[in-house]
Amino acid sequence: RNLKWQMECRSDINRLNAHFLSIYESLIPPEEEKAKQKQLLTLLEKLVCKEWPEARLFLYGSCANSFGVSKSDIDVCLAIGDADINKSEVLLKLADILQSDNLQNVQPLTRARVPIVKLMDPVTGISCDICINNLLAVVNTKLLRDYAGIDVRLRQLAFIVKHWAKSRGVNETYQGTLSSYAYVLMCIHFLQQRKPAILPCLQGMRATYSVTVDDKKCAFFDQVENLRDFGSRNRETIAQLVWGFFNYWAYGHDYTSSVISVRTGSVISKLEKDWTRRVGNDRHLICIEDPFETSHDLGRVVDKFSIKVLREEFERAADVMHYALNPCVKLFEPYVPSFD
Ligand code: CTP
Ligand code: MG
């Protein structure tokens with residue numbers, strides 16, 4: 001009987017894994033979409049070069065870090081060598097150029113925290129945000145993409161976590177919850193901490209890639225094709241990792257004194273970062289260190305209300321993974337606010 005029970009459990013786990021993998025696969029953008037993104041980038045390069053022959057365009061964010069799901073907008077960075085330019089002037093000029101080439105919904109947002117021009121390309125149907133000289137974002141995009149090249153379980157876990165966060169309404173920085181970028185860093189950290197580890201700490205290894213951006217040295221090991229076996233001693237499957245991830249954020253993380261740090265591949269103390277009290281509007285109720293801008297806590301948007309929402313959602317997800325009969329359905333049930 002014991003053996004029969006074990007066999008049944010195993011077939012349940014296999015079914016759950018298969019279900020998670022099919023959700024992951026359904027979220028991967030098809031090749032045609034990637035081709036359309038390239039087509040739009042080529043058009044933008046042509047337009048930009050006429051005005052600024054020395055400038056270059058880079059894709060960043062989810063369209064380039066390999067964590068983008070199907071039908072995402074694209075993020076583009078216009079790199080103009082000159083550091084002294086007036087960003088607002090460049091954005092307004094850029095908006096003019098785009099407008100006169102029949103791109104639609106062109107809007108310069110010069111007062112945003114990261115100033116951008118928004119646009120929609122009627123030919124490909126893709127929407128796009130263009131920012132100026134935000135090269136740190138281009139470099140952290142490469143770091144994330146390189147991590148994704150080491151073990152496919154990172155991409156699987158991050159797709160599931162992002163899909164969960166969007167379904168549950170906890171992927172809204174303006175409402176005090178976390179950005180997609182923060183969730184991907186949380187996934188990388190989690191896989192670095194697994195025993196045996198599934199991901200290494202690329203910034204802790206011999207640097208094979210090194211650039212200095214805004215006076216910050218960004219250096220890490222980027223020959224990830226040599227690390228394909230790194231996680232092979234750990235045989236955990238996606239269902240176990242999803243469960244482990246939510247369990248860690250629900251019951252395993254020390255919110256009072258710990259900071260997660262992909263840069264060091266471990267947890268460091270809030271004391272060491274001097275992130276122990278609120279300064280202005282920055283609170284440190286959940287601490288996620290940016291890998292390059294190390295004074296940046298990606299959790300600084302979280303306030304005393306939204307930390308409660310986040311932690312309740314982590315607990316709900318962990319409990320769903322533990323007890324629900326059909327966790328794959330329950331996990332992604334849309335959050336519906338109640339007004340009583
Ligand atoms: N970024 C950053 N610092 C932040 C937030 C974002 O440097 N505090 C940069 C990162 O390069 C990130 C990009 O901006 O990859 C886009 O951020 P975000 O919209 O959070 O992530 P996406 O990966 O584009 O996710 P989504 O699919 O939800 O658009
Ligand atoms: Mg994005």
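Residues numbered from 1 in each chain as written. Chains lettered and ligands numbered in written order. Predicted model: local features only at pLDDT ≥ 70, side-chain atom pairs only at ≥ 80, totals over all residues. Heavy atoms only, no water.

Let's talk about the domain arrangement of the protein chain
You can read the domains of the protein chain as domain 1 (31-133) and domain 2 (150-331). For domain 1 and domain 2, the distance between their C-alpha centres works out to 28 Å. Taken together, the contacts link 6 residues of domain 1 with 7 residues of domain 2. With both chains or domains summed, domain 1 and domain 2 bury close to 570 Å², and 65% of this area falls on carbon and sulfur atoms. (Domains from an automatic or database assignment. Contact = heavy atoms within 4.5 Å. Buried area = accessible area lost by both parts, 1.4 Å probe.)

Quick word on the sheet that holds strand E4 (residues 116-121)
The mixed open sheet is built from 5 strands, whose spatial order is E1-E2-E5-E4-E3. At either end of the open sheet lies a strand with only one pairing partner, and these are strand E1 (56-60) and strand E3 (104-109). This sheet shows a mean twist of 25° between the axes of neighbouring strands, independent of strand direction. Where E3 meets E4, 4 bridges bridge the pair, whose relative direction is antiparallel. Within E4, the residue paired with Gln104 across the bridge is Met120. (Pairing = 2+ DSSP bridges. Helix = DSSP H or I, 4+ residues; strand = E, 2+ residues; numbered from the N terminus. Axes fitted to C-alpha atoms, helices over the stretch in contact; angles between N-to-C directions.)

Observations concerning the pattern of salt bridges
Applying the stated criterion across every chain, the model contains 15 salt bridges. Between Glu333 and Arg316 there is a salt bridge, and its shortest N-O distance comes to 3.8 Å. Here Glu333, found in the segment after helix H10 (327-331), pairs with Arg316, found in helix H9 (residues 306-323); they are 17 residues apart in sequence, far enough to count as distant. For Glu333, the salt bridge identified is with Lys330, shortest N-O distance 3.7 Å. Judged by relative accessible area, which is 37%, Lys330 ranks as partly exposed. The structure contains a network of salt bridges with shared partners spanning Lys142, Asp146 and Asp222. (Salt bridge = Lys/Arg side-chain N within 4 Å of Asp/Glu carboxyl O. Buried < 20%, exposed > 50% of the residue type's maximum accessible area, 1.4 Å probe, protein only.)

Quick word on the pairing of strand E2 (residues 74-79)
For E2, a buried count of 5 out of 6 residues is recorded, marking the element as mostly surrounded by other parts of the structure. With 5 bridges joining them, E1 and E2 adopt antiparallel strand pairing. Residue Leu59 lies in a different strand from E2, and its bridge partner there is Val76. Here E2 runs beside strand E5 (residues 126-132); their pairing, made up of 5 bridges, is parallel. Across the sheet, the residue bridging to Cys77 is Cys131, located in E5.

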